[in-house]
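# Observations on the three-dimensional arrangement
Listed below are the residues making up each chain.
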Amino acid sequence: MSETFTVTVEPLGTELNCRADQTVLDACLRNGVWLPHACTHGTCGTCKAEVLDGEVDFGDASPYALLESDRDDGFALMCVAKPKEDIVIEGDIELEEGIEIYPVRDFSGTVTVLDEPAPNVKRLVIELTEPMPFNPGQYVQLNLPGGDNRPYSIASTPSDPSRIELHIKRSEGGAATDGWIFKDLAAGDAVTLSGPYGQFFFHPTKDKPLILLGSGTGLAPLKSILQHVAELDDEGEWEHDVVLFHGVATGADLYEHDWLTEFADERDWFSYRPAVSREEFDGRQGRVPQLLAEDFPRAGGNSAYICGNPAMVEDTMKALMQARLFPRDIYREDFFDSADRAEGGHVVRSPLIKR
Ligand SMILES: Cc1cc2nc3c(=O)[nH]c(=O)nc-3n(C[C@H](O)[C@H](O)[C@H](O)COP(=O)(O)OP(=O)(O)OC[C@H]3O[C@@H](n4cnc5c(N)ncnc54)[C@H](O)[C@@H]3O)c2cc1C
Ligand code: FES
């Protein structure tokens, strides 16, 4: 059994226990103490916080997200740092009103659906043994058979919290995808996961039209948000337009195309705009930032949610800002992987929950 230390989170003064083999972020989130975080794998820098007292093991922090000078100044990445003794940290704990934060917990379940809606994309439905409350847009950490884990965004709606739908893209040579999900995993298998994580979620207090922008499986959390908004609409609590751009390379990659087309036919407030970039397509051709610029020369007055590969997220963020949308109205989820952690280059420095 690993030794346990006390973590004091200032300015709250909250004290909680953290095992020597546990990350500080994990201990905080499981104890209901919110700290800003996004990738939870030492890549994005969102969870960087000052260690005011005591010593930590810096863990597997990307040297791009935590510079040598940051370490010298007493900062660490809370998602990978582990305590070596009792520590005191300065937590950036300010939370937007109207957001309920659910503590992270461990869950087990069974894969009930495993299909391939597009080449190199698996859709998993996991029935959990107990419900996991979450905010639409958040993600889970799926545990790999070898003990490691990977973040995957939840595509299903929080109104059915025992059913978790995931959309997973194959990554060539990837430990989770090539090594397990696309190789051995089958319907009927038992899986374990933890959650909910992340600060990319629908902000109900922003009473504005939505622009949802995803590339590839970046559609997953946007589907969750979209279904949640439709449920609000059914209850008479939604009165804005929603536009969804989904960027993919080829027409065959446009998974959920029929469902989204039908959904758009049924709801006059929803517009579905697929963007196919690498081949002729019976529709509009181009990348998401390009279609966005054509459709929204001015985007002020909207809230935007961007999700997918980090290059697309960055380009779309720039396109939105060029269209005069303030950063405070833009939420982003970068699907960082092990290569991004090793190579850096897409560090997201600001905690996006403070709006
Ligand atoms: C918040 C969040 C949410 C996410 N949600 C989703 C989602 O909903 N759907 C989805 O499809 N993905 C999602 N991702 C990405 C996902 O978590 C994994 O990163 C992805 O599935 C790849 O995992 P893997 O184990 O298969 O590949 P990894 O083993 O992580 O490797 C990824 C790639 O990098 C290469 N690589 C490995 N190590 C190195 C190294 N040291 N140097 C250079 N290259 C290396 C591998 O060969 C491979 O090509 C999300 C990521 C984040 C951060
Ligand atoms: S959440 Fe810690 S570096 Fe991304």
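On a predicted model such as this, the values are computed, not experimentally measured, just so you know.

Right, let's get into the overall build of the protein. Along its length, the protein carries eight helices and 18 strands. In terms of C-alpha radius of gyration, the protein reaches 20 Å, essentially the compact-globule figure of 20 Å for 355 residues. Oriented by its inertia axes, the alpha-carbon framework of the protein measures out at about 60 × 45 × 40 Å. Carbon and sulfur atoms form 45% of the exposed surface of the protein, whose accessible area is close to 15,300 Å². The protein carries 31 positive and 62 negative side-chain charges, and their two centres are separated by 5 Å.

The next point concerns the domain arrangement of the protein. Here the domain parsing of the protein yields domain 1 (4–90), domain 2 (105–197) and domain 3 (210–343). Centre-to-centre, using C-alpha coordinates, domain 1 lies 33 Å away from domain 3. The interface of domain 1 with domain 3 comprises nine residues on the first partner and six residues on the second. Interface area, domain 1 with domain 3, both sides summed: about 570 Å², of which 58% is carbon and sulfur. Put simply, domain 1 and domain 3 have one salt bridge between them.

This brings us to the layout of surface pockets. Counted as a void, the second largest pocket has a volume near 610 Å³. Forming the boundary of the second largest pocket are 24 residues, of which T23, D26, T40, C79 and N149 lie nearest the centre. It is helix α1 (residues 24–30) that provides the largest number of residues to the lining of the second largest pocket, a total of three residues. Residues from two domains meet in the lining of the second largest pocket; each of domain 1 (4–90) and domain 2 (105–197) gives at least three.

A few words now on the nonpolar core. Of all hydrophobic cores here, the largest spans 30 residues; its most connected members are V7, V9, M78 and I89. Elements supplying a minimum of two residues to this core: β1 (4–10), β2 (14–19), α1, β3 (48–53), β5 (75–77) and β7 (87–90). In this structure M78 touches T23, V24, L25, L35, C47, A49, V51 and I89, once residues within four positions along its chain are discounted. Counting 28 residues, the second largest nonpolar core, distinct from the first, contains V121, L222, A230 and L260.

What counts, and at which threshold
- Residue numbers here run from 1 along each chain, matching the order of that chain's written sequence.
- Chains carry letters from A onward and ligands carry numbers from 1 onward, assigned in written order.
- Only residues with pLDDT of at least 70 get local features here, since the model is predicted, and only at 80 or more are side-chain atom pairs given and counted; chain-wide, interface and lining totals rely on the full set of residues.
- Water and hydrogen atoms play no part in the side-chain values, which are based on all heavy atoms of the structure.
- Each helix is a run of H or I in the DSSP string that is no shorter than four residues. Each strand is a run of E no shorter than two, and both are numbered from the N terminus.
- We take the radius of gyration over the C-alpha atoms and set the globule estimate at 2.2 Å times the residue count to the 0.38 power.
- Using the Shrake-Rupley algorithm and a 1.4 Å probe, accessible areas are obtained, with residue cover drawn only from the displayed protein chains.
- In summary, the charge assignment counts Lys and Arg as positive and Asp and Glu as negative, without counting His or the chain termini.
- Where a charge sits is defined by one atom per residue type, namely NZ (Lys), CZ (Arg), CG (Asp) or CD (Glu).
- Here the limits of each domain have been adopted from an automatic or database domain assignment.
- Only heavy atoms enter the contact rule, under which two residues are in contact if any of them lie within 4.5 Å.
- Accessible area that two parts lose when put together, evaluated with a 1.4 Å probe and summed over both, is termed the buried area.
- The salt bridge definition used is simple: a Lys or Arg side-chain nitrogen within 4 Å of an Asp or Glu carboxyl oxygen.
- Points on a 1 Å grid over protein atoms alone make up a cavity when a 1.4 Å probe fits among them but cannot get out, and a pocket when they form an open set with protein on both sides within 12 Å along at least five of seven lines; lining residues each have an atom within 4 Å of a point.
- Grid points are joined across faces, edges and corners, and a volume is the space filled by probe spheres set on the points.
- Remark: nonpolar core denotes a set of buried residues (Ala, Val, Leu, Ile, Met, Phe, Trp, Tyr, Cys) joined through side-chain atoms within 4.5 Å.
- Relative accessibility decides the category of a residue: with a 1.4 Å probe and only protein chains considered, values under 20% of the type maximum give buried, values over 50% give exposed, and everything between is partly exposed.

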